[in-house]
Amino acid sequence: MSVVVVVGAQWGDEGKGKVVDLMTERADTVVRYGGGANAGHTLVIDGKKLVTHLVPSGVCHPGKACVLGDGMVIDPHTLLEELGECQARGLLQRNELLIGLGAHIILPYHKLIDGLREDRGAKTGRAIGTTRRGIGPAYEAKAARKGVRMRDLAKPERVRQLVAANLDELVPLILHLGGQAPGQVEVTKWIDDALAAGDKLRPYTGDAGRHVDAAITAGKHVLFEGAQGCLLDLDHGTYPYVTSSSTIAAGACQSAGIGPTKIDAVVGITKAYATRVGEGPFPTEIPGEMGERLRQAGGEFGATTGRPRRCGWLDLPALRMGVRLSGMTSLALTKLDVLGGLGEVCVCVAYQLDGKELDEPPTDPEDIARATPVYAKFPGWDRLPADARDVSDLPASARAYVETIERMAGVPFCLVSVGPDRAETIRLSDPFA
Ligand code: IMP
């Protein structure tokens, strides 16, 4: 096995950063394939924190190629900042980063529109709760075939024409949403800044699809790093409370430009509980003090926006849906340590809706919101031993919890994380093996 896709199995923030970082030990190339700076991975290496938004979490392993696929929407300024931070730590040298020339650029008006829509949505009750990073508007431009791509930044006149054509349509929208039309000086600065960033990033750009395909053909170990989670997928998630890209494993093929027959294994990442940021149905959400305890214990605040995440019990119907959508072959369970000391621990094993028991969420988000979770309850456990390296090292009730999830999700665990550091991990199987 040499090609592995890692995806979030829930609503994002499952702890992909740590898992991808660990799996990168066995990978030659790590490919980020969808979304943009809406993602945020917090990596803890030797006790030091590094937060990445665009660069794959494999960045902490010098010598491994990090690729940003054509399906991404890239804010060139954020990428430059991140690159600077990584290079200051001796990471991501020139031959270790490749940015797909087909990736789309996020421009300031994408962020402006995203923010204006959210402000208006907050008043009308129709907010999505986006990260305001311009993700949706940039993908809209792409679908409308008006987007500015990485490759365009080498052609200033083309960028000027594209921006003018976009703004011709978007200024009325900006005004409609209560914003102000950008002046010519401002627009010129947006373009000049993007072109200047493009100049700095150019040495790192290339044909990402061919590069990745060649690595696979050469028998290299390639790791595809998904962003967000399966339930935020544009086509299959809890629409409209989703992101604007394909977050399931199939997105790796679509966005990186490789065929589905090249994928050998899919690892889903699930937290030992559930979180969600932004709006949308969340049947196992825990209100009040218990939810707050979980939020504090797990540090559940957005790595990108700092927003408090909504916290709830692990939702097996939602997890099963993720397993199915991405064809997961194994699961990584993260943050089991966070549940220590919380008292009784629950897991939702099914939903009740209109007198029926459901093993996966219904397709209509309104029905998901109406569904009642059916819980299995486990006696709580105290702190997990930080040196647990085998499931048998866990307290009996934590072990029962892990075994129940594995059995009811229907796929084996490849690892269980018992703390934020690399070492605090129970490794059960190697997805590359
Ligand atoms: P957008 O991707 O910024 O358009 O946001 C759409 C939805 O996806 C919102 O509910 C966001 O909170 C959510 N979202 C986007 N990126 C992430 C992420 O990396 N983790 C968790 N939720 C995310």
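Engineer: Help me out: how do you make sense of the site of the ligand in this one?
Structural biologist: Contacts to the ligand come from 16 residues, most closely from Asp13, Asn38, Thr131, Thr243 and Arg307. Separating an oxygen atom of the ligand from a side-chain N or O atom of threonine 243 is a distance of 2.6 Å. At 3.1 Å from an oxygen atom of the ligand is found a main-chain nitrogen or oxygen belonging to valine 277. Taken together, the residues of the shell around the ligand break down into six nonpolar, eight polar and two charged. In this structure, the shell around the ligand is formed jointly by two domains, domain 1 (3–94 + 208–427) and domain 2 (104–203), each of which donates at least three residues.

Engineer: Which parts of the structure should I look at to understand the packing of helix 3 (residues 108–124) against helix 4 (residues 135–143)?
Structural biologist: Helix packing geometry: the angle between the two helix axes and the distance between the axes. One way to put it is that helix 3 packs onto helix 4 with a least axis distance of 7 Å and a crossing angle of 120 degrees. Judged by the angle between their axes, helix 3 and helix 4 are oblique. Of the two elements, helix 3 crosses helix 4, and the hand of that crossing is right-handed. Between helix 3 and helix 4, the contacting residues are His110, Ile113, Asp114 and Arg117 on the first element and Ile135, Pro137, Ala138, Glu140 and Ala141 on the second. Class assignment for the residues of the contact of helix 3 with helix 4 results in five nonpolar, one polar and three charged.

Engineer: Help me understand the pairing of strand 5 (residues 65–68) in this model?
Structural biologist: On a regular strand, each side chain points to the face opposite its neighbour's, so the side chains alternate between the two faces of the sheet. The two faces of strand 5 match: Ala65 and Val67 on one face and Cys66 and Leu68 on the other face are all buried. Looking at chain direction, strand 2 (residues 29–32) and strand 5 are connected through four bridges and run parallel. The partner of arginine 32 across the bridge, within strand 5, is leucine 68. Summarising the sheet, strand 5 and strand 7 (residues 97–100) pair through three bridges and their orientation is parallel. Counterpart to leucine 68 in the pairing with strand 7 is isoleucine 99.

Engineer: Sorry if this is basic, but what is going on with the domain arrangement of the protein chain here?
Structural biologist: One frequent convention defines the size of an interface as the accessible area lost when the parts assemble. Each assigned domain of the protein chain is listed with its residue range as follows: domain 1 (3–94 + 208–427) and domain 2 (104–203). One C-alpha centre belongs to domain 1, the other to domain 2, and the line joining them spans 29 Å. Listed as interface residues are 28 residues of domain 1 and, on the opposing side, 21 residues of domain 2. Summing the contributions of domain 1 and of domain 2, the shared interface buries around 2,000 Å²; its carbon and sulfur component is 63%. For the domain 1 face of the interface with domain 2, the top three residues by lost area are Val73, Pro76 and Leu80, together amounting to 26%. Remark: the boundary between domain 1 and domain 2 carries one salt bridge.

Engineer: Help me out: how do you make sense of unusual backbone geometry in this one?
Structural biologist: The bulk of non-glycine residues show a negative phi, and the bulk of peptide bonds are trans. Following tyrosine 239, the chain continues into proline 240 via a peptide bond in cis, with omega recorded as 10 degrees. Positionally, proline 240 belongs in the loop between strand 10 (222–229) and helix 8 (250–256). Even without being a glycine, arginine 132 presents a positive backbone phi close to 60 degrees. Locating arginine 132 in the fold gives a position in the loop between helix 3 and helix 4. Look at aspartate 354: it is not a glycine, yet its phi comes out positive at around 50 degrees. Topologically, aspartate 354 is positioned in the loop between strand 16 (345–353) and strand 17 (356–358).

Engineer: Would you mind going over the sheet that holds strand 7 with me for this structure?
Structural biologist: In sheet architecture, strand pairing relies on hydrogen bonds along the backbone and comes in two forms, parallel and antiparallel. In space, the ten strands of this open sheet follow the order 9-7-5-2-10-1-11-15-19-20, with mixed pairing throughout. The open sheet is flanked by strand 9 (205–206) and strand 20 (425–427), the only strands paired with a single partner. Of the strand pairs in this sheet, strand 15 (residues 330–334) and strand 19 (residues 413–417) are connected by three bridges, and their pairing is parallel. When the bridges of strand 19 are listed, leucine 331 appears paired with phenylalanine 413. Set on the sheet, helix 7 (residues 208–217) makes contact with strand 1 (3–8), strand 2, strand 5, strand 7, strand 9 and strand 10; between it and strand 5 the angle comes to about 140 degrees.

Thresholds, definitions, all that
Counting of residues starts from 1 at the beginning of each chain's written sequence and follows it residue by residue. The model is predicted, so local features are restricted to residues of pLDDT at least 70 and side-chain atom pairs to those at 80 or more, both for listing and for counting; the totals for chains, interfaces and linings are taken over all residues. Water and hydrogen atoms were dropped before computing side-chain values, which therefore reflect all heavy atoms in the structure. Think of it this way: one heavy atom of a residue within 4 Å of a molecule or strand is enough to make that residue near it. Residues adjacent in sequence count toward polar contacts only when both atoms are side-chain atoms; beyond that, a polar contact is any pair of N or O atoms within 3.5 Å, and within protein one must be able to donate a hydrogen and the other to accept it. Under the scheme applied, nonpolar residues are Ala, Val, Leu, Ile, Met, Phe, Trp, Tyr, Cys and Pro; charged residues are Asp, Glu, Lys and Arg; polar residues are all the others, including Gly. These domain limits were set by an automatic method or by a database of domain assignments. Axes here mean lines fitted to C-alpha atoms, for a helix over just the part in contact, with angles spanning 0 to 180 degrees between N-to-C directions. To qualify as a helix, a DSSP run of H or I must reach at least 4 residues; to qualify as a strand, a run of E must reach at least 2; elements of each kind are numbered from the N terminus. Orientation categories follow fixed angle ranges, with anything under 35 degrees roughly parallel, anything over 145 roughly antiparallel, 65 to 115 roughly perpendicular, and all other angles oblique. Handedness of a crossing follows from how the near helix is turned relative to the far one, being left-handed for an anticlockwise turn of less than a right angle and right-handed for a clockwise one. Contacts are assigned to residue pairs with any non-hydrogen atoms lying within 4.5 Å of each other. Working definition: with a 1.4 Å probe on protein chains only, accessible area under 20% of the residue-type maximum means buried, over 50% means exposed, and in between means partly exposed. If DSSP finds at least two bridges between two strands, the strands pair. As used here, buried area is the combined drop in accessible area, with a 1.4 Å probe, of two parts when they are placed together. A pairing counts as a salt bridge when a side-chain nitrogen of Lys or Arg comes within 4 Å of a carboxyl oxygen of Asp or Glu.

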